[in-house]
Amino acid sequence: MNKSGPKWFFCLILLIGLVIQIKSYAQSALEKRITIHLVNENLKAALDKISKVGGVKFTYNEQIAQSNLKVNLKVQGKTIKEVLNEIFSGKPYSFTLLDKEIFIRADDSKSKKPEAGPAAIRGSGSGTFTLSGSIKAQKTGETLIAATIKVAGSQKSTLSNEYGFYSLSLPSGSYYVEVGAVGFKKYSAQIDLTANRIFNIDMEEDVNELSTVEITSSGSKRDLDNPQMGMERLSIAETNNIPVLLGERDVIKAIQLLPGVKPSSEGGGGFFVRGGSADQNMILLDEAPVYNATHLVGFFSTFNSDAIKNVTLYKSGMPAQYGGRLSSVLDIKMNDGNNQKFGVSGGVGMISARVNVEGPIQKDKSSFLISARRTYLDMFLKLSGDTNLKNSSLYFYDVNMKANYFLGEKDRLFVSGYLGKDVLESKGVNGIRWGNSTATLRWNHIFNSKLFSNTSLIYSNYDYTIKSDGKGSTLSLFSQIRDFNVKEDLQWYANERNTISVGVNAIYHTIKPGEVRASGDNGYVSQDLQNRYSIESAAYVSNTWKASDALSITYGLRASAFSILGKGDYYQINSDGLVTGTTSYKSGEVVKTYLNLEPRASAALQLNESSSVKASYVRNVQNLHLISNSTSTSPTDRWVASTNIIKPETSDQFSLGYYKNILDNIFDFTAETYYKSLKNQVDYKNGAEIFTNRPIETQLLFGIGRAYGIEFSLKKKTGRLTGWLAYTLSKSERKIDGINNNNWYNARQDKTHDISVVMMYQLNPKWSLSANWVFSTGSAVTFPIGKYKVLDQNYFYYSNRNGDRMPNYHRLDLGATRLLKQTKKFSSELNFSLYNAYGRQNAYEIRFKDNENDPSQTVAEQTSLFRFIPSVSYNFKF
C-alpha cells in the first residue's frame, strides 16, 4: 500500500473545499447584479429594497436615513456599484465597501451644501483633539485586546492595547467610527470631536458567530498597514475545536500548527521557532516568565484554556519591550473575570476534570477568576492488581487565579497568580516532582488621553525534586530558578502619526543548579552546587510612525545589561576544558557585566486596499541557557546563566513578507522569509555529563549558528468552513569548534519541510466537525555507524553530530463537537476526537543494541507512542 495515499487524499479534499468556497465568494457586494424598479422612493426605502434584492447590507447614520432625496430608477442586470453610481450621480453622496458592508455617507467634496454630514466633516473650530477610552465586552466587562477602531471613509485607525486602551488623534470635526473585534458585533457611532473626549465602548457578543465557531472578517483581518510582522494572534475560540491528544484543549498544540513553529517531539509541549532551540522561546503568563510550560513530561501544556483570554506569538520583529530570548515571545493573557454576573464553567475528560469560577466582587467595579484542573490517572492505577502500580502517583494539577479592581476612571489594579505541579512517583519513595508558580501585580494608570502607564511587580519560580529511597539509603536532588521582576511601561500617543513606547525593567535571578541530599550506603554524599545570582536589566524606546497613508515604520532601541553577582567561585578554563584558575567573590560583589544594544526596526508599505509588503530587523540577546542532551525538553534540563565563560547568546534576524487579503477579506494569504545569524551558541561536548559537580563550563562548547527559511500561510476566516494551510521550508545549522570536525552541522531542531492543514466545519447548529493533518521531515539525530569491542564489551561508534534523520512524521486528527443544550443561562456540549486517525506509527525514539542471538549484529528498535487515541469530553457553562 502506498503510505503517502492518506495525505494526498486529504490534501485533495482540502483543495476541493477551498475551490468551492472561493467560487461561492467570488463576487463582492458591489459586483452583485440586480434587476429593480424604484419609483419616487426616499433614500432609506430605496436602499432597503436594494439590500433585499441584492442580498447586501448597507450602513449609514441617522442623517442619511432622514434624507429627503427621491430615487427613480429602472435597471436590469446591473451591478450594485453601477446602480449606486446612477443614484448618486450629481448628488452629495458617496459609498465605500467596508469589509462585507457598503457604507453610505454624505460627501462635501461633491457639493458645497451636503444634505447629510460625511464621514468626517470639519467643524467650525480648528485644532486636533484626541478620542480615547477603553473597549470592553458588554457581557463580562473583559477588556478587549487588538480591537480595531477605524474612521469610516479614511485611512485613520488604531488598535486597543493589551489592556483595552485606545487613543486616536483627529482634527476637529464629526466622524463615523467603527469598532471591530473577533467574536463581537460591529460597533459604530457618530462622534463629534471638538475637544479631547473619553469614549468607552462596550461590545456585544456575536451570538451567531460564537455558536457557529466562525471568525468574521470584522476585527480579524491582518493589519496591512501595521509594521509588526511575524506575529500570530489566536483567540481561544479559534483553538477550542482543534482535535488534540486525549481531548485536552491546549494553546501550545495550536501554536505548533502555525508556520515557522515545530513541536519538539511527538505529542510534546515544547516547540521550536524559526530554527531556534526550545529555551530560546520566552513564554509569559500575565507578564511572568514560565520556565517549563509542560505537564506529564511534555505531553500537555501548563495553560488551562478556560483561564486564557488571548495568545500572541512574535516570531520576528519583536517589539522593543520584549527581550531575553532569541527566537520568539509567546505572550499569554489570562481572563480578568466577569464583573457583571457570577458564572461557572468546566469540563470532564478522559484524563482530567476542570472548573472555572468567575464573577463580580462589586458589579462594574471589580471581579475575580479561579480556574483549576487536575488529572486522575492515578485513580485508574488504584484499580490495578499490581501493588507497585496501585501505590504509584501519576497526576498534575494547576490553578489560575486573578482579581482586578477599578480604582477610578484612570486607575485599575490587577492581581494574578498561577500554581502548577506534576507528580510521578512509585510507592511515594521514588520519582520526580516539578512545577511552576507565578504572581503578578499590575497597576494601569491613564495620565491623560494620550499617555498610558503599566507598572508591574512579578514573581516566577520553577523547581523540581528527584528522590530515591531504598533500603537503608535515601537520595534527593533539588533544583530551582527563581525571579523577582519590576517593570514600568509607558505608551504615549503623541499625535495622529506617532505612538511612542518607553520602559524599564529589572530582574533578580537566583539559580540553584542542585542540592544533593544523601544518606546510607548509596555511593553519594550530600553537597550543594553553587547558587548563581544575577541582575538582568533593560531600558527601551520605540516609535511607530505613520509616515504616510501607505507607509508605516516602527523603530526603536533596547539596551540590556546582565550583571553576574557573587557569592561564589568563578573559573578560568583552557582550550582542553580544564580548570586553570579560580576566583572567589563575596555576596553581592559584581563578577562581570555584559552590556548590549538591541536595535529594532520594521516597516509596512501598503500596496493597495488588500495587500502590503513588510520588512523587519531585530537583534535579541539571551543570558539564560537551557543545557540538555535529550531529543526533547525534559523537566530536569538544567538552566544556567551567563558567566565569565558562558557569554550572552545573540541573534540578528532579517525578515521580508508579503500579505494579501483575498476576496473581500475572506482569505488571508501570507508569505514571509527570514535569515537569522546566531552567535555564542551553546552545545555540549561529545560524552558530556550535564549533571556533574564539576563546573558546567567544562562540559560545554561555544560557536555560531544560522537559520533561514520561507513560510506560507493561507487562512480562511468566514463561512461554515474555516481553517488554514501552513507550509514552512527551512534550515537550521550550528558551527562549533570541537564538533563535527569544526564544520557546519544540523541543529537538532532542523526540519526541512513542515506542513499543517487545519479545518473546522459547521455542519449545522448542533454539530461542528474539525480535522488537522501535519507532516514534517524527521528530526536531525545522531545514529551509530559502527561498533568496536574493548575487553569483550561492544561500544558504538557514532557519525557526525545530527548527521542522520528520524523517519518523516505525519498524522491526521479528527474531531466533532455536539451542542447538547444552549439557553441564556446554561450551555453544554460533547467533544469527540481521534488522535492519529490512520494509526501512523511515528518514531518517538530509535535505539540501537546488540542482537541477542548474535552480538556482532546490531538491531534498531523503534518506539512509537500514540496510535488511534480516541477521547471524549463533556463541557458546560452556566
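Residues numbered from 1 in each chain as written. Predicted model: local features only at pLDDT ≥ 70, side-chain atom pairs only at ≥ 80, totals over all residues. Heavy atoms only, no water.

Scanning the protein chain from N- to C-terminus turns up nine helices and 57 strands. For the protein chain, the residues scored as buried account for 55% of the 878 residues in total. Once local pairs closer than 6 in sequence are excluded, the contacts in the protein chain between residues at least 24 apart make up 64%. Accessible surface for the protein chain amounts to roughly 37,500 Å². Of this, 55% is attributable to carbon and sulfur atoms. (Helix = DSSP H or I, 4+ residues; strand = E, 2+ residues; numbered from the N terminus. Buried < 20%, exposed > 50% of the residue type's maximum accessible area, 1.4 Å probe, protein only. Contact = heavy atoms within 4.5 Å. Areas by Shrake-Rupley, 256 points an atom, 1.4 Å probe, with all protein chains shown as cover.)

Along helix α4 (residues 80-87), the residues that are buried comprise Ile80, Val83, Leu84 and Ile87. For α4, the angular spread of the buried residues around the axis is 95 degrees, confining them to a single face. (Arc of directions from axis to C-beta.)

Relative to the elements of secondary structure, asparagine 740 occurs in the loop between β45 (721-736) and β46 (745-746). In this structure the side chain of asparagine 740 is engaged in a polar contact, spanning 3.0 Å, whose partner is the backbone oxygen of tryptophan 744. Reaching out from asparagine 740, the side chain makes a polar contact with the side chain of asparagine 800 at a distance of 3.3 Å. With residues near it in sequence (within four places) discarded, asparagine 740 still touches Tyr745, Asn800 and Arg801. (Polar contact = N/O pair within 3.5 Å; in protein donor to acceptor, adjacent residues only side chain to side chain.)

Now for the sheet that holds strand β18 (residues 281-285). By definition, the strands of a sheet pair up through backbone hydrogen bonds, in either a parallel or an antiparallel sense. Spatially, the five strands line up as an open sheet ordered β15-β22-β23-β18-β19, and their pairing is mixed. With one partner strand each, in any of the chains shown, β15 (231-235) and β19 (288-289) form the two edges of the open sheet. (Pairing = 2+ DSSP bridges.)

This paragraph deals with the environment of glycine 54. Relative to the helices and strands, glycine 54 resides in helix α2 (residues 43-54). Sequence-wise, glycine 54 and isoleucine 36 are 18 residues apart; in three dimensions their C-alpha atoms are separated by 9.5 Å. Beyond its immediate chain neighbours, meaning those up to four positions away, glycine 54 contacts Lys32, Ile34 and Ile80.

In this chain, glycine 566 is followed by lysine 567 through a cis amide linkage whose omega measures 15 degrees. You can see lysine 567 is positioned in the loop between β35 (551-565) and β36 (568-573). Despite not being glycine, arginine 274 has its phi angle at roughly 45 degrees, a positive value. Structurally, arginine 274 is set in the loop between β17 (271-273) and β18. Judged by its relative accessible area of 1%, arginine 274 falls in the buried class.

With that out of the way, let us pick up the nonpolar core. Counting 43 residues, the largest nonpolar core has Phe303, Val311 and Leu330 as the members making the most contacts within it. Breaking this core down by element, the ones donating at least two residues are α7 (251-255), β17, β18, β22 (308-314), β23 (328-334), β45 and β47 (753-762). Here this core gets four residues from one element, more than from any other, and that element is α7. Among residues more than four places away in sequence, those in contact with valine 311 are Glu232, Arg233, Leu234, Ile236, Val251, Ile255, Leu330, Asp331 and Ile332. Counting residues in each nonpolar core, the second largest holds 28 residues, with Leu38, Leu73, Ile87 and Tyr93 among its members. (Core = buried A, V, L, I, M, F, W, Y, C linked by side-chain atoms within 4.5 Å.)

This paragraph deals with the environment of lysine 315. Positionally, lysine 315 belongs in the loop between β22 and β23. The class for lysine 315 is buried, based on a relative accessible area of 1%. Note: C-alpha distance between lysine 315 and glycine 230 (85 residues apart in sequence) is 4.8 Å. In this structure lysine 315 touches Gly230, Glu232, Pro259, Val261, Val273, Arg274, Ser327, Gln653 and Glu711, once residues within four positions along its chain are discounted. Of the polar contacts made by the side chain of lysine 315, one reaches the side chain of glutamate 711; its length is 3.1 Å.

Here we take up the pairing of strand β24 (residues 343-348). Burial analysis of β24 places five of its six residues in the buried class, which makes it a mostly covered element. The pairing of β24 with strand β25 (residues 352-362) spans six bridges and is classified as antiparallel. Residue pairing in the sheet places serine 345 in a bridge with asparagine 356 of β25.

Here we come to the pattern of salt bridges. Pairs can form between side chains of opposite charge whenever their charged atoms are close. By the definition in use, this model includes 36 salt bridges. For the salt bridge of glutamate 162 with lysine 333, the shortest nitrogen-to-oxygen distance reads 2.8 Å. Of the two residues, glutamate 162 sits in the loop between β9 (157-159) and β10 (165-171) while lysine 333 sits in strand β23, which places them 171 residues apart along the sequence. Given the relative accessible area of 28%, glutamate 162 is considered partly exposed. Here aspartate 463 makes a salt bridge to lysine 421, at a shortest N to O gap of 3.8 Å. In this pair, aspartate 463 is assigned in strand β30 (residues 451-470) and lysine 421 in strand β28 (residues 411-426), connecting sequence segments 42 residues apart. The class for aspartate 463 is buried, based on a relative accessible area of 13%. One network of salt bridges, with partners in common, ties together Glu142, Asp286, Glu287, Lys309, Asp336, Lys402, Arg412, Arg442, Lys487 and Asp489. (Salt bridge = Lys/Arg side-chain N within 4 Å of Asp/Glu carboxyl O.)

Our focus in this paragraph is the packing of aromatic side chains. Tallied over the entire structure, the rule returns 20 aromatic pairs. Taken together, a centroid distance of 6.2 Å and an interplanar angle of 45 degrees make the contact between tyrosine 163 and phenylalanine 414 tilted. You can see tyrosine 163 sitting in the loop between β9 and β10 and its partner phenylalanine 414 sitting in strand β28, a full 251 residues away along the chain. Like phenylalanine 414, tyrosine 163 is buried. Centroid distance tyrosine 617 to phenylalanine 654: 4.9 Å. Interplanar angle 35 degrees. Geometry classified as tilted. Within this pair, whereas tyrosine 617 is found in strand β39 (residues 611-622), its partner phenylalanine 654 is found in strand β42 (residues 649-662), the two being separated by 37 residues in sequence. Clustering of aromatic rings is evident, with ring pairs tying together Tyr163, Phe165, Phe414, Phe452 and Tyr493. Across from the ring centre of phenylalanine 414, 4.8 Å away, lies the NZ or CZ of arginine 442, which sits over that ring. Between lysine 715 and the ring centre of tryptophan 724, over which it is positioned, the NZ or CZ distance is 5.5 Å. (Phe/Tyr/Trp six-rings, centres within 6.5 Å; stacked < 30°, edge-to-face > 60°. Lys NZ or Arg CZ within 6 Å of the ring centre and 35° of its normal.)

Residue-level pLDDT values for the protein chain average 85, and 88% of them are 70 or greater. The model gives residues 111-124 a pLDDT under 50, and that stretch makes 38 contacts with residues more than four places away or in other chains. A low-confidence stretch, residues 209-221 stays under pLDDT 50, and its non-local contacts, those more than four residues away or across chains, total 44 contacts. (pLDDT = per-residue confidence, 0-100.)

Together, Ile361, Tyr405, Leu407, Val415, Leu441, Trp443, Leu457 and Val486 give the surface a local cluster of nonpolar side chains, amounting to about 700 Å² of exposed area. Of all the secondary structure elements, the ones that give two or more residues to the nonpolar patch are β27 (393-408) and β29 (430-448). Within the secondary structure layout, isoleucine 361 lies in strand β25. (Patch = residues over 30% accessible without salt bridge, like charges linked within 9 Å, V, L, I, M, F, W, Y side chains within 5 Å.)

Here the focus is α2. Compared with the 16 Å implied by 1.5 Å per residue over twelve residues, the 16 Å span of α2 between its first and last C-alpha is a close match. If you check which residues of α2 are buried, you get Leu43, Ala46, Leu47, Ile50 and Gly54. Axial view of α2: buried residues confined to an arc of 95 degrees, hence all on one face. Positioned one or two residues after α2, glycine 55 has a phi angle of 70 degrees, which is positive. (Expected span 1.5 Å × (residues − 1).)

Attention now moves to the pairing of β25. Joining the antiparallel neighbours β24 and β25 is a turn of three residues. Strand direction decides the pairing type here: β25 and strand β26 (residues 366-375), joined by ten bridges, are antiparallel. For glutamine 362, the partnering residue across the bridge sits in β26 and is serine 366. Between β25 and β26, which follow one another and run antiparallel, lie three residues, and aspartate 364 among them has a positive phi close to 70 degrees.

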